[in-house]
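Architecture and fold: a report
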Amino acid sequence: MRVKATISYDGSKFFGFQRQKNNKNTIAQSLEIALKSLGIKSKIIGSGRTDRGVHATGQVIHFDLPSFWQEKSLLELKNRLNQKLHYIQIKHIIEANSSFHAQYSAKVRVYRYLIKTTPLKVFEKEFVSYYKIKNPTLLKDALELYIGKHNFKNFKKEGSITSSDIREIYKIKIKKIKSYYAIYFFANGYLRSQIRMMIEGALKVENESLTLNQLKEQIDNKNIHFRTLAKPHGLYLYKVHY
């Protein structure tokens with residue numbers, strides 16, 4: 001039986017989502033170890049691969065249950081997994097169609113980036129990024145340049161290989177609550193570290209170390225003006241729509 005689970009995790013405690021040969025401290029491997037302890041030998045497939053330090057409130061995974069587990073309740077499975085996991089929480093778990101695929105069935109992936117404009121408190125440092133924002137209008141104008149279908153080859157981590165660098169950003173929303181900004185990205189998919197580079201570019205425009213025209217040049221692949229990434233701490237895989 002195939003099951004679909006929505007999970008959240010503290011990405012600061014792991015070396016990313018994807019399993020690695022020489023490091024078992026990843027989200028996928030931690031989940032697989034917990035499943036194996038319950039007699040479930042199934043690979044974890046996620047809707048997306050978050051980098052080291054990136055969190056999730058709505059990551060979606062799927063895996064397959066052996067026949068003997070199908071007679072038990074999914075609530076029991078959820079509770080037993082949560083007892084074994086550290087810094088990962090199974091929020092929801094349901095039976096899925098056998099053709100369901102957490103990655104390929106996804107239609108829209110929503111990421112959220114949290115910024116605080118005043119110094120961080122000690123318990124915020126792994127979960128929010130601190131940036132002074134003096135011109136929110138300029139920040140909004142910069143972010144809007146990303147909307148649409150583009151070849152984002154200049155907005156991915158160097159060395160990452162993809163079959164296509166074309167991605168479509170459907171919309172970007174900004175919410176401000178007191179000294180916090182929450183920036184939401186809605187897209188069909190992302191390149192590795194793409195969101196952190198897009199945030200970095202928009203913040204450079206906001207602090208006037210980069211112009212809107214220069215950012216557009218990089219989006220249009222006419223020039224490269226920066227290769228740096230925004231901090232990972234404020235980034236969350238927020239929700240996945242199917």
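The paragraphs below set out a description of the structure included in this document. This structure is a prediction, so every number in the text was calculated from the model and none was measured.

With that settled, the discussion passes to the layout of surface pockets. Here the largest pocket is characterised by a volume of approximately 1100 Å³. Listed by contribution, the elements that provide at least two residues to the lining of the largest pocket are β2 (45-46), β5 (108-116) and α4 (194-206). With three residues, α4 is the single largest residue contributor to the lining of the largest pocket. Within the lining of the largest pocket, the residues separate by chemical class into 14 nonpolar, 15 polar and nine charged.

With that settled, the discussion passes to the packing of aromatic side chains. Note on aromatic pairs: each is described by the distance of the centres and the angle between the planes. With the rule as written, the count across this model stands at seven aromatic pairs. Summarising the aromatic geometry, the rings of Y111 and Y190 are spaced 5.1 Å apart at their centres and angled 80° between planes, so their arrangement reads as edge-to-face. Here Y190 lies in the loop between β9 (180-187) and α4 and Y111 lies in strand β5, a separation of 79 residues in the sequence. Y190 matches Y111 in its accessibility class, with the two residues each being buried.

Glancing now at the pairing of strand β3 (residues 55-64). Of all ten residues that make up β3, eight are buried, and the element is covered over most of its length. Summarising the sheet, β2 and β3 pair through two bridges and their orientation is antiparallel. Within β3, the residue paired with I45 across the bridge is H62. When β3 meets strand β10 (residues 235-241), the two strands line up parallel, connected through two bridges.

Now for the packing of helix α3 (residues 136-144) against α4. Two packed helices can be described by the angle between their axes and the distance between those axes. Axis separation between α3 and α4 bottoms out at 8 Å; the angle between their running directions is 140°. Between α3 and α4, the crossing angle belongs to the class labelled oblique. In this structure, α3 crosses over α4, and the sense of that crossing is right-handed. Counting all contacts with α3, which are made through L138, L139, A142 and L143, the residues of α4 involved are A202, L203, V205 and E206.

Glancing now at the side chain of D10. Considering the arrangement of structural elements, one finds D10 in the loop between β1 (2-9) and α1 (27-37). Here S12 takes part through its side chain, which lies 2.5 Å from a polar atom of the side chain of D10. In this structure D10 touches H55, Y87 and F127, once residues within four positions along its chain are discounted.

Turning to the pattern of salt bridges, a few remarks are in order. Between side chains of opposite charge, a pair can form as their charged atoms come close. Summed over the entire model, instances satisfying the criterion amount to eleven salt bridges. Between K13 and D10 there is a salt bridge; the shortest N-O distance is 3.3 Å. R192 serves as the salt-bridge partner of D51, at 3.5 Å between the closest nitrogen and oxygen. Highlighted residues: D51 in the loop between β2 and β3 and R192 in the loop between β9 and α4, separated in sequence by 141 residues. Judged by its relative accessible area of 18%, D51 is buried. Its relative accessible area of 46% is what places R192 among the partly exposed residues.

Cut-offs and rules
Residues numbered from 1 in each chain as written. Predicted model: local features only at pLDDT ≥ 70, side-chain atom pairs only at ≥ 80, totals over all residues. Heavy atoms only, no water. 1 Å grid on protein atoms, 1.4 Å probe; cavity = no way out; pocket = protein on both sides within 12 Å on 5 of 7 lines; lining within 4 Å. Points joined across faces, edges and corners; volume = space filled by probe spheres on them. Helix = DSSP H or I, 4+ residues; strand = E, 2+ residues; numbered from the N terminus. Nonpolar A, V, L, I, M, F, W, Y, C, P; charged D, E, K, R; others polar. Phe/Tyr/Trp six-rings, centres within 6.5 Å; stacked < 30°, edge-to-face > 60°. Buried < 20%, exposed > 50% of the residue type's maximum accessible area, 1.4 Å probe, protein only. Pairing = 2+ DSSP bridges. Axes fitted to C-alpha atoms, helices over the stretch in contact; angles between N-to-C directions. Parallel < 35°, antiparallel > 145°, perpendicular 65-115°, else oblique. Left-handed = near helix turned anticlockwise from the far one by under 90°. Contact = heavy atoms within 4.5 Å. Polar contact = N/O pair within 3.5 Å; in protein donor to acceptor, adjacent residues only side chain to side chain. Salt bridge = Lys/Arg side-chain N within 4 Å of Asp/Glu carboxyl O.

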